[in-house]
Amino acid sequence: MITITTVQSPADVQGILTLQQANLRQHLSLDAQIDQGFVTVNHDPEVLTRMNAAAPSVIAKDGDTVVGYCLTMLPEFANDIPELLPLFESVNTIVYQGKPMRKQAYYVMGQVCVGAGYRGQQVFDRMYQHQREVYSGQYHLLITDISEKNTRSQRAHERVGFKPLETFYDPTLRENWIVVVWDWQA
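Everything quoted here is computed from the prediction, not taken from an experiment.

Peer 1: Explanation requested: the packing of helix H5 (residues 123-135) against helix H6 (residues 151-160) in the structure shown.
Peer 2: Across the interface, H5 lies against H6 with an axial gap of 10 Å and an inter-helix angle of 50°. Classified by the angle their axes make, H5 and H6 are oblique. Crossing of H5 against H6: the hand is right-handed. Counted together, Phe124, Asp125 and Tyr128 of H5 and Ala156, His157, Arg159 and Val160 of H6 form the full contact between these two elements. For the contact of H5 with H6, a count of residues per class yields 4 nonpolar, 1 polar and 2 charged.

Peer 1: In this structure, what is going on with helix H3 (residues 45-54)? I would like to understand it.
Peer 2: Residue pairs three or four apart in sequence face the same way in an α-helix, which turns once every 3.6 residues. Regarding H3, the residues found buried are Val47, Leu48, Met51 and Asn52. End-on, the buried residues of H3 take up no more than an arc of 135°, which puts them together on one face. Looking at the buried residues of H3, the elements they touch are helix H1 (10-23) and strand S3 (65-73). Measuring from the backbone nitrogen of Glu46 back to the side-chain oxygen at the start of H3 gives 2.9 Å, which picks out Asp44 as the cap.

Peer 1: Any chance you could explain unusual backbone geometry here in plain terms?
Peer 2: Excluding glycine, residues mostly have negative phi values, and the peptide bonds linking residues are mostly trans. Even without being glycine, Gln97 reaches a positive phi, approximately 50°. By secondary structure assignment, the location of Gln97 is in the loop between strand S4 (95-96) and strand S5 (99-100). Unlike most non-glycine residues, Gln122 shows phi in positive territory, near 70°. Note on placement: Gln122 falls in the loop between strand S6 (106-114) and H5.

Thresholds, definitions, all that
- Residues numbered from 1 in each chain as written.
- Predicted model: local features only at pLDDT ≥ 70, side-chain atom pairs only at ≥ 80, totals over all residues.
- Heavy atoms only, no water.
- Axes fitted to C-alpha atoms, helices over the stretch in contact; angles between N-to-C directions.
- Helix = DSSP H or I, 4+ residues; strand = E, 2+ residues; numbered from the N terminus.
- Parallel < 35°, antiparallel > 145°, perpendicular 65-115°, else oblique.
- Left-handed = near helix turned anticlockwise from the far one by under 90°.
- Contact = heavy atoms within 4.5 Å.
- Nonpolar A, V, L, I, M, F, W, Y, C, P; charged D, E, K, R; others polar.
- Buried < 20%, exposed > 50% of the residue type's maximum accessible area, 1.4 Å probe, protein only.
- Arc of directions from axis to C-beta.
- Polar contact = N/O pair within 3.5 Å; in protein donor to acceptor, adjacent residues only side chain to side chain.

Okay, structure coming up:
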């Protein structure tokens, strides 16, 4: 039975890192990337631990094994993960509903992943619904970006309620990214 919860222990953080390694773009064939999606950022364990101390990430567990995760990333961690700086720079230029994004109550989905063998079972949707349950009292917007090449992730985010805001080019990765928002007050 799959349970949806938040990170509770160092073992949960390690479970995220293990699942992340199995789904990093550089560890997957091009066909797997296209068919199953991928993650891009390889998180530092110390930074990930601090992120979870500040705002626990939502995880899916099968017994004691982490089989899915949604990394909660508060804006104050923007400088801790260089690969995500282009996203935060883009977010800081966005005006959403007449108000600069940087002045709104938001946080970033630092990465989302569902393990092979658990996809197609609503784990993604259930984790995002749990995000809303846990954080909608503090934050009104959840923002993330998705590689234009990751069409599976684009479809999944649209399904749960995310809407595209803008696209930016990441010169380091040499690709376009779509910034999406889930407005919990809409």
